[in-house]
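Each chain is listed here by its residues.
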Amino acid sequence: MSGIVETDYFLDEKLEIITSTDTNESEKSGSETRKSENKKQNVLKFQFIEAKEKENKLNANTRRLAINPMALNKNNFQRNSIQILYSGSIVGYQDPKTQQIMGVHNEEKNSRHSLPNLTEYNYNRYGFLIEKDPITYTDKELCKKTQFEKYLNSKWMNIKKNWHKTQNKKPKQLKKLIRSGIPNSFRGVVWEHLIGSYRISQKYPNVYPKLISNIDPDLETEIRKDLNRTFPFHENFQNGSFQEPLFRILIAWSNCEESEDIGYVQGMPFIAGAFLIYLTEEDAFYAFKYLMTKYQVREIFRSGFPLIWIYIYQLEKLLEIHLPDLFNHLKKEGLKLQDFVLPWLIGIFAERFSFEIVVRVWDIYFNEGSCFLLKFILSLLSWKKKEILSLGHDDIYFLLQNLSKTNCNIDFLISRALNFKIKEKELQGWASEYKKKHNIKFQIFNQEKLDKNLFIQSRSIEKQLSSRSSGSLIKPGNNRDCGISSEDDEIHKNKTSRGGKEKNKTKIRKDKKRKKHKNSGKDKNDWHYYSKQKKMNFHYNKEYSKKNTKNFGIQQRIDIRIIQQRKIEKLKKKKKYQKKRKKRKQKLQQKKRTSKSKKK
Amino acid sequence: MENFKICFMGDQSVGKTSIINRFIYDDFNINSQSTVGVDFLSKTIFVENESVRLHLWDTAGQERFRCLIPSYVRNSSLVVIVFDITNKTSFKSIEFWMDTVQNERGDDVIVFLVGNKTDLEDERQVSLEKLEKEANKNGFLYLETSAKTGHNVKQLFRKIGISILKQNKKRKELIKPELDENTSLMNISLNIDPNKLKQKEESGCC
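Only a predicted model underlies this, so the values are computations on that prediction, with no experimental measurement involved.

Peer 1: What exactly am I supposed to notice about the packing of helix α19 (residues 306–322) of chain A against helix α27 (residues 424–438) of chain A here?
Peer 2: Packed helix pairs are characterised by how far apart their axes lie and by the angle those axes make with each other. Residues and elements named next belong to chain A. α27 packs onto α19 with a crossing angle of 130 degrees between their chain directions and a minimal axis gap of 9 Å. The angle between α19 and α27 places the two elements in the oblique class. Our pair here, α19 against α27, has a crossing hand that is right-handed. On α27, the residues that touch Trp309, Ile310, Tyr313, Gln314, Lys317, Leu318 and Ile321 of α19 are Leu427, Trp430, Ala431, Glu433, Tyr434, Lys435 and Lys437. Residues belonging to the contact of α19 with α27 are distributed by class as follows: nine nonpolar, one polar and four charged.

In structure tokens, the structure reads:
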């Protein structure tokens, strides 16, 4: 199906002919990234297009061109070609030398996505209101997209079933798949796995309600001001159905131990809200918390925004290396990176960019770390490089601020971002340089540390509950001092009546112990705590060792790689040693033989 | 055409962004997104037969973001401090904003006090007299606006344009006589470097 089908398609229409610019790059990339797909699919697509064409030829006078996408992709043709515009959209290209015309058939675009249809589908697949005309695809692209999604779905089904195997044994394959976008239906679960908060809400069900219970009135007014203003164009935020869960998540976060020096900052609701779109309330909270701590996002929000300054410092260095002319131009115009990069980074793109882009960037960010954020910014800048170089100070600001509103092909941007080769060592070196200069220190949270904290928390909550219940048994009069309502007492009594004699026996033993302890002169609460903690530590060690071999985050994976490398090195050494031994033996044997032969 | 920077400051959800949106797009959204960091917009207006280009820097109101604001105040020729007339605390925090401005620029800047949300007259907690007092104490300009109904918003920006032009003229007048003296001196002594003169001009402007 190579080559061009020639028609007199353009004869009836009024055409504007304009020399080509870079605007068609985005279209190119969409098909470029999927070049690597199976050839079978390609054949299918063409059959599809042919059938469509036949229909249309029968129906109307309009005739259309079918083109080989590979031929279109070849840069030489497009760069020197003349764009043919019809009512504002690109219809085809004309080669100035041969005067060949290559068309992109776009009529169906108009018929498919015409306005009356739009009113029926007001929200896009992420639940956001469609404001402007969405990016429209040609038939080929749509066909490709649907088939590609099917292919991805089947792949991800397998991965979902045995996640840990694929994460540990096939990290490269997983990386590739994530880079091409996680399907929307799997995104929530995969994010949880990547962040490391999978099923934590089920393990520690009592922690979240405890965190919600304390609400600081000042904080409440502060947060409530922003609730109406997060994702105002999302379906569920417009209803108000997501606002209360979001509020609770933010309250829970500000009550956490990990948020002591941070609290609530504008920009957080966008991140938490994005999680809410994919996960249930409690799961969204844990995902949010783990992102804040493990990925050091909390340092973005700390007073003075230390992490953002580090990112900007790194970006400056990277710009100097990868896009030197752009760097010099920005310097000449007196533009500071912070003015446009800071608002992008504060919500990790969630606040400024359309959700379609945010989600794709986050997919890769969760898997590959903050390095990708910098790469993505570089790709954004390089995408608009030509325009930026021709503009002055104010217009550049405008351009960069409205970048999020312009339609752009995400696949193209991501593939461009991944083409930048950045060494992690360099980045870390710059970061530590900046930290030394400004005396900044970050708290580091591992998966282990977080899980341990959660475990201790849940245990202490359990203990509190149990101490309350036991206290009510011994001296019901004391409850008032503890601040327990009478309803609780009744519940506990009912429970004890159901539990047989054995429970009572154990409680009597405990009472005896307590009495002994009283005689010794120390506080009973202290002793109680001590004994519980002993048990807890025991339990912790037991359970923890089982749990955490399963949930591997980025750092753990790196650790594993290091261990594996060491093993391999050891093996190599062993082999070398063995070879030497063999050689020695052989030499010795030869010597013996020679000596024997001499004797003879 | 001359460019002027204007910095908008004030507490959280006071209506800074919606005033600017009313001015530029003549539009009002109840559920506008909260500003995180800084926003930048610009528009040209015609005042007294002159066209002036205004660069509007819309800053975030939350406490954590206050550390960013000084760098924007540094280069701006006018500062607008916005508060909510239905919210006393936002009025009280005006003092803080004035301090930040004075620390950065002294009395070099024109300051505008703006009370927003006059459409909520029933919930009013800050009277106009209070505003007047506060403004007269420091010699600031003041206005009450409503971004929702568009009340006084156009006037606000016209006043901003007029006052900026006035200040600009004053500055130019201040610079000119100095120059004349210098030129007369030049005639006498002839030893003055032309570079020094340029430096003086620049320092006067900025």
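So much for the structure itself; the text now carries on.
Peer 1: Where do I start with the side chain of B:Thr118 in this structure?
Peer 2: Residues and elements named next belong to chain B. Structurally, Thr118 is set in the loop between β5 (110–116) and α5 (128–138). What makes Thr118 buried here is its relative accessible area of 14%. In contact with Thr118, not counting residues within four places along its chain, are Ile85, Arg124, Glu144, Thr145, Ser146 and His151.

Peer 1: Would you mind showing me how to read the interface of chain A and chain B here?
Peer 2: How big an interface is tends to be reported as the loss of accessible area on association of its parts. If you look at the interface, chain A gives 29 residues, while chain B gives 28 residues. Carbon and sulfur atoms make up 50% of the area that chain A and chain B hide from each other, which totals about 2700 Å². The largest contributions to the chain A side of the interface with chain B come from A:Arg229, A:Gln266 and A:Phe398, which together make up 23% of the buried area. Where chain A meets chain B, there are one salt bridge. A:Arg352 serves as the salt-bridge partner of B:Asp39, at 3.1 Å between the closest nitrogen and oxygen. Residue assignment for the side of chain A that touches chain B shows that the elements contributing at least two residues are α13 (217–227), α21 (337–346) and α25 (393–401) of chain A.

Peer 1: In this structure, what is going on with the pattern of salt bridges? I would like to understand it.
Peer 2: Oppositely charged side chains may form a pair once their charged atoms are brought near each other. The final tally for this structure, using the stated rule, is 22 salt bridges over all chains. Close ionic contact of B:Asp26 with B:Arg22 constitutes a salt bridge, the shortest N to O distance being 2.9 Å. Overall, the relative accessible area of 53% leaves B:Asp26 in the exposed class. Here B:Arg22 falls in the buried class, since its relative accessible area comes to 15%. Through salt bridges with shared partners, a single network forms among A:Asp261, A:Arg298, A:Glu299 and A:Arg302.

Peer 1: Explain the environment of A:Asn419 to me, please; I cannot follow it from the model alone.
Peer 2: With respect to the secondary-structure elements, A:Asn419 resides in helix α26 (residues 410–419). Taking the C-alpha atoms as reference, A:Asn419 lies 8.8 Å from A:Ser379; in sequence the two are 40 residues apart.

Peer 1: Could you clarify how one ought to interpret unusual backbone geometry in this entry?
Peer 2: Peptide bonds are mostly trans, and most non-glycine residues show a negative phi. All names here are of chain A. At Arg199, a residue that is not glycine, the phi angle is positive and equals roughly 60 degrees. Among the secondary structure elements, Arg199 is positioned in the loop between α10 (187–195) and α11 (200–203). The exposure class of Arg199 is partly exposed, given its relative accessible area of 46%. Positive phi outside glycine occurs at Phe349, with the angle close to 70 degrees. Checked against the element boundaries, Phe349 lands in the loop between α21 and α22 (355–368). The exposure class of Phe349 is buried, given its relative accessible area of 0%.

Peer 1: Explain the sheet that holds strand β3 (residues 50–59) of chain B to me, please; I cannot follow it from the model alone.
Peer 2: The pairing of strands in a sheet comes from backbone hydrogen bonds and takes either a parallel or an antiparallel form. All names here are of chain B. Across the sheet, six strands lie side by side as β2-β3-β1-β4-β5-β6; this open sheet has mixed pairing. The strands lining the two open edges of the sheet, one partner per strand, are β2 (38–47) and β6 (141–144). Neighbour-to-neighbour, the strand axes of the sheet open up by a mean angle of 25 degrees, direction not taken into account. The pairing of strand β1 (residues 2–10) with β3 spans seven bridges and is classified as parallel. Among the inter-strand pairings, Phe4 is bridged to a residue of β3, identified as Leu54. Contacting β4 (78–84), β5 and β6, α5 crosses the sheet at an angle of about 165 degrees to β6.

How each quantity is defined
Residues numbered from 1 in each chain as written. Chains lettered and ligands numbered in written order. Predicted model: local features only at pLDDT ≥ 70, side-chain atom pairs only at ≥ 80, totals over all residues. Heavy atoms only, no water. Axes fitted to C-alpha atoms, helices over the stretch in contact; angles between N-to-C directions. Helix = DSSP H or I, 4+ residues; strand = E, 2+ residues; numbered from the N terminus. Parallel < 35°, antiparallel > 145°, perpendicular 65-115°, else oblique. Left-handed = near helix turned anticlockwise from the far one by under 90°. Contact = heavy atoms within 4.5 Å. Nonpolar A, V, L, I, M, F, W, Y, C, P; charged D, E, K, R; others polar. Buried < 20%, exposed > 50% of the residue type's maximum accessible area, 1.4 Å probe, protein only. Buried area = accessible area lost by both parts, 1.4 Å probe. Salt bridge = Lys/Arg side-chain N within 4 Å of Asp/Glu carboxyl O. Pairing = 2+ DSSP bridges.

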